[in-house]
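Tertiary structure, described
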Amino acid sequence: MASIFTKIIKGEIPCYKVAEDDNYFAFLDINPNAKGHTLCVPKKEVDKLFDLDEETYNGLMAFSRKVALAIEKAVPCNRVGVAVVGLEVPHVHVHLIPLNVMKDMTFQHKISMAEEEFETVARKIREQL
Ligand code: 5GP
């Protein structure tokens, strides 16, 4: 069965899209640690990061770097943190999280955002790409 992220990539489930190329897709995390929390996903559906073939792995990192640099310009923050967890969704994704304090990285401190805020921050990141 297709993962929830494959359904998002195919447009079957809505998302706040940030970036896309032939092989990768980026969108806002629906339950963010911080405003601008973004997920970068390979279109190829693989569960675990280090099971990716080397080309896809390196491509995902290059794509994530581009998105992270855009987040840094678009979202006021000290820096952008990176995490790969995957305990909830078995489709590789890189978390890019605008950080100001350590708890932004804990995944136990979540923020709530209105729909318009998601739309605005996604647009601001897209404009920096
Ligand atoms: P992990 O698998 O790395 O533990 O966490 C999965 C992440 O995906 C979580 O931060 C969660 O909020 C996010 N997530 C799960 N389902 C959806 C969804 O349907 N849409 C979006 N945008 N994010 C999701």
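Everything here concerns the structure above.
Residues numbered from 1 in each chain as written. Predicted model: local features only at pLDDT ≥ 70, side-chain atom pairs only at ≥ 80, totals over all residues. Heavy atoms only, no water.

Things to note about the pattern of salt bridges
Scanning the model with the defined rule gives 5 salt bridges in all. In this structure, E20 and K17 form a salt bridge, with 2.5 Å as the shortest nitrogen-oxygen distance. The class of E20 is partly exposed, set by a relative accessible area of 37%. K17 gets classed as partly exposed once you look at its relative accessible area, which sits at 34%. (Salt bridge = Lys/Arg side-chain N within 4 Å of Asp/Glu carboxyl O. Buried < 20%, exposed > 50% of the residue type's maximum accessible area, 1.4 Å probe, protein only.)

Comments concerning the environment of T56
Within the secondary structure, T56 is located in helix 2 (residues 54-74). Apart from residues lying up to four places away in sequence, T56 is in contact with Y24, P42 and K44. (Helix = DSSP H or I, 4+ residues; strand = E, 2+ residues; numbered from the N terminus. Contact = heavy atoms within 4.5 Å.)

Some points on helix 2
Counted at 1.5 Å a residue, the expected span for helix 2 with its 21 residues is 30 Å, and the 30 Å between its end C-alpha atoms agrees. For helix 2, the set of buried residues is T56, G59, L60, F63, S64, V67, A68, A70, I71 and A74. Looking at the packing, one finds that the buried side of helix 2 touches strand 1 (17-20), strand 2 (24-28), strand 3 (38-42), strand 4 (79-83), strand 5 (94-99) and helix 3 (115-127). (Expected span 1.5 Å × (residues − 1).)

Quick word on the layout of surface pockets
The space that makes up the largest pocket amounts to roughly 490 Å³. The wall of the largest pocket is formed by 22 residues, among which F5, D29, I30, L39 and E88 lie closest to the centre. At the level of secondary structure, the elements contributing two or more residues to the lining of the largest pocket comprise helix 1 (4-9) and strand 2. The residue inventory of the lining of the largest pocket, partitioned by class, reads 15 nonpolar, 4 polar and 3 charged. (1 Å grid on protein atoms, 1.4 Å probe; cavity = no way out; pocket = protein on both sides within 12 Å on 5 of 7 lines; lining within 4 Å. Points joined across faces, edges and corners; volume = space filled by probe spheres on them. Nonpolar A, V, L, I, M, F, W, Y, C, P; charged D, E, K, R; others polar.)

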